[in-house]
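Chain by chain, the residues:
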Amino acid sequence: MVLLRVRTAPHGGCVRHFRWRRVVANPYVPRQTQSWPVFRHDPGMTFARFFHLPVPPALNPSRVAAVGCVYVLLYLLLDWVSFIHPLPAFEVTPWNPPPGLTLALLLAFGLRFWPLAFATVWCGNVLVHGMAALSVETLLLTGITAGGYGLMAALLHRVGAADIRDRGALPRFLAVLAGTALLLGGLYLLVVSAFLPDSQRGFLYALVRFWVGDAIGVLVSAPLILVLLRPGDWKFLETREFTLQCLAVMLSLWVVFGLPWTDEFKYFYLLFLPLTWISLRHGLEGACLTLAMIQVGLIVSAQWLGYKGGTVQEMQFLMASLAITGLTLGVTSSARKVAESELKRALRLAAAGEMAAALAHELNQPLTAVANYARAGQLMLEAGRGGELSDVLDKVAAEARRAGAVVRRLRDFFKTGHTRRDPVPILPLVVETIGEVEERAKRQACRLEYAIPADLPPARGDGVQLQVVLRNLLINALDAVSPESFGRSTDEPVVSLAAHRDGNELQLVVQDNGPGILPQFRERLFEPFATSKPTGMGLGLAISRAIVEAHGGRLWAESPSAGGSRFTIALPLHHSVYSVKPLPVKGAP
């Protein structure tokens, strides 16, 4: 919805002041095709401003002509097909879909098509209903019918119910439809009664039939036409599931009307089953298509079985409850799909943020190592030891390759959520990871131990990602036994890493003898941004658990009775060793 600045020049004079008019964008036409002209003051301005009418879409003359021709042909065809069981004298039928077509035209393309609607209704009264072309009765009834549904379109825009997909729009749509159809039916029948030669009984019965016929006609046809006019997801039409759902609709119609021993409408409730199925699976589009199929099936069955007008009218009451239920379910399902789409978009943005944080966290170490090696190279050059640069440059290249591998694997992980399923030998993985943190352990005077059986079978997963997890746990353990955390304890700081097989799992255990896990962090230890380190990001454990779980494994923390902390990684074995019996490992924790 936008505000347009409207210039007002009373009596053709100069512009004296400005006014603002609220204009509602047409929900059934893409925004890029809508025009936003500056309107000059005219008598219709007050009407448009009061009803918050949308700016009509910009259509070229050929498009206008095509829309008009299609509307006229469809209206006359529907009017002819639905002119069944007319009530004597009043000529009112229990099923009247043409008003729904008119309402959809005015909602989708604006009130500029109202003159065409008036002319088409007049043609239908003359050609289908056999009224006199230029009689006062014909002109009055045409004006009431066309004007009534033009007023309904304006009211729907006024109350914000022109698009039933909007939140809370469907109840307002139903209320406006019920009230307008009842008012329109009363005026229509009063005019008909005024031109009858003799007073006719059954005015209220005719009013109920008019109200039911028009309301059901609009309720089934208008939403269907409107969803066909707007872009939507119609891929479900090509699925086998929708074919089965259509067969379920036809089977339900056959049970309701085709079995010889069933009473009238005894099994009508069966039609709710396929309608609910389709509405929940395919949203508003599926609900509108199903309601149209059921409505056509009901009318065809009623004509085939020779039902009288009163019976068809009772059947339309049941159809009303079916239509309201189907539209409610369809709107709810479509809203849920939109919410899920927005949630997925938000999750993708969150994943992008997590990936950025993960990259910053994981690239910190190799980039720091590259910087240290580069500084060491500079010192060697200054000391005249250029012959030793080859080894330093090899280490720089290795750290750069490791950083690139981390970026690629983490990008793939956050993009798809999947990991590679390669056999990962544990001993080389542990030795390489220990080598990366060994220098730091020496600086901290920390004893770094590991015990890995040489015959340990390989795990299943991505070696680079698993190395990221193992490195995070070792660095956390070294942080726990650092002088800042360890304090003045007389115990020697120790970090140990052990691995053993447990059934079809392989477990790696990282343990330290530091102060242990703080009580306030035990419950949210693996949550993002939960950290006790002054300079920590709080992402290492969250990323590690996500990677391990993506491998089909588990990661948990414990506080041993002897003190410190223990983190255990459980990973599935590679499928090539599933048939191997568990190996006894001596001395494993």
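As a reminder, the structure under discussion sits directly above these lines.
Residues numbered from 1 in each chain as written. Predicted model: local features only at pLDDT ≥ 70, side-chain atom pairs only at ≥ 80, totals over all residues. Heavy atoms only, no water.

### Description of the pairing of strand S8 (residues 554-558)
We apply this condition: Only strands that DSSP links by at least two bridges are regarded as paired with each other. Counting from the N terminus, the helices are DSSP H or I runs at least four residues long and the strands are E runs at least two residues long.
Alignment of S8 against strand S9 (residues 565-572), held across five bridges, turns out to be antiparallel. Counted as the bridge partner of Arg554 is Ala570 from S9. Where S8 hands over to S9, the hairpin turn is made up of six residues, of which Gly563 adopts a positive phi near 105°.

### Section: helix H9 (residues 272-305)
Because an α-helix packs 3.6 residues into every turn, residues spaced three or four apart end up facing the same way. Operational definition: By definition here, a helix of n residues has an expected span of 1.5 Å times n minus one. Note that bend, as reported per residue, equals the angle between axes fitted to the 7 residues terminating at that residue and the 7 residues originating from it.
Across its 34 residues, H9 extends only 22 Å between first and last C-alpha, which sits more than 12% below the 50 Å expected from 1.5 Å per residue. The largest bend along H9 measures about 145° and falls at Gly283. A positive phi of about 75° marks Gly306, the residue just after H9.

### Points about helix H4 (residues 114-127)
Rules: Exposed residues in this analysis have more than 50% of their type's maximum accessible area, buried residues have under 20%, and partly exposed residues fall in between, with area computed by a 1.4 Å probe over protein chains only. Comment: arc refers to directions from the helix axis out to C-beta atoms. In this analysis, two residues are considered to be in contact whenever any of their non-hydrogen atoms come within 4.5 Å of each other.
In this model H4 runs 20 Å from its N-terminal to its C-terminal C-alpha over 14 residues, within 8% of the 20 Å that 1.5 Å per residue would give. Within the sequence span of H4, burial applies to Ala117, Thr120, Val121, Gly124 and Asn125. Buried residues along H4 cover an arc of 140° about the axis, so they all sit on one side. Buried residues in H4 make contact with helix H2 (61-81), helix H3 (98-109) and helix H5 (136-158).

### Some details on a nonpolar patch on the surface
Just so we agree on the cut-off: By definition, no residue in a patch forms a salt bridge, and every one has over 30% relative accessible area; like charges are joined within 9 Å, nonpolar side chains (Val, Leu, Ile, Met, Phe, Trp, Tyr) within 5 Å. For the area figures, the Shrake-Rupley method with a 1.4 Å probe applies, and any residue is considered shielded solely by the protein chains shown. Any carboxyl oxygen of Asp or Glu that lies within 4 Å of a side-chain nitrogen of Lys or Arg is treated as forming a salt bridge with it.
On the surface, a nonpolar cluster with roughly 490 Å² of combined accessible area is contributed by Val70, Leu74, Leu77, Trp80 and Val81. If you trace the backbone, Leu77 turns up in helix H2.

### Quick word on the pattern of salt bridges
Inspection of the entire model under this criterion finds nine salt bridges. Residues Arg230 and Glu285 are paired through a salt bridge, measuring 3.1 Å at the closest nitrogen-oxygen approach. On the criterion of sequence distance, the pair formed by Arg230 in the loop between helix H7 (203-229) and helix H8 (240-257) and Glu285 in helix H9 is long-range, its members being 55 residues apart. A residue is classified by how much of its surface remains accessible, and Glu285, at 8% relative accessible area, is buried. A salt bridge links Glu505 to Arg554; the shortest N-O distance between them is 2.7 Å. Of the two residues, Glu505 sits in strand S7 (residues 505-512) while Arg554 sits in strand S8, which places them 49 residues apart along the sequence. According to the relative accessible area criterion, Arg554 is partly exposed, its value standing at 40%. The structure contains a network of salt bridges with shared partners spanning Arg447, Glu449 and Glu492.

### Description of the sheet that holds S7
Either a parallel or an antiparallel arrangement is found when strands of a sheet pair, and the pairing is made through backbone hydrogen bonds. How we decide: Every axis in this analysis is a line fitted to C-alpha atoms, fitted for helices over the stretch in contact. Angles between the N-to-C directions lie between 0 and 180 degrees.
Strands sit in the order S4-S6-S7-S9-S8 across an open sheet of five strands; the sheet is mixed. The sheet is open, and its two borders are formed by strand S4 (447-451) and S8, each paired with just one other strand. In this sheet, adjacent strand axes meet at a mean angle of 15° when their direction is disregarded. Note that S4 and strand S6 (residues 494-502) share five bridges and pair parallel. From the neighbouring strand, Ala451 faces S6, where its bridge partner is Ala498. Of the strands in this sheet, S6, S7, S8 and S9 touch helix H13 (residues 463-480), which is tilted by about 25° from S7.

### Brief notes about the environment of Gly150
With respect to the helices and strands, Gly150 occurs in helix H5. Put simply, Gly150 and Phe118 are 32 residues apart on the chain and 9.6 Å apart in space, counted from C-alpha to C-alpha. Setting aside residues up to four positions removed in sequence, Gly150 forms contacts with Leu106, Leu111 and Trp114.

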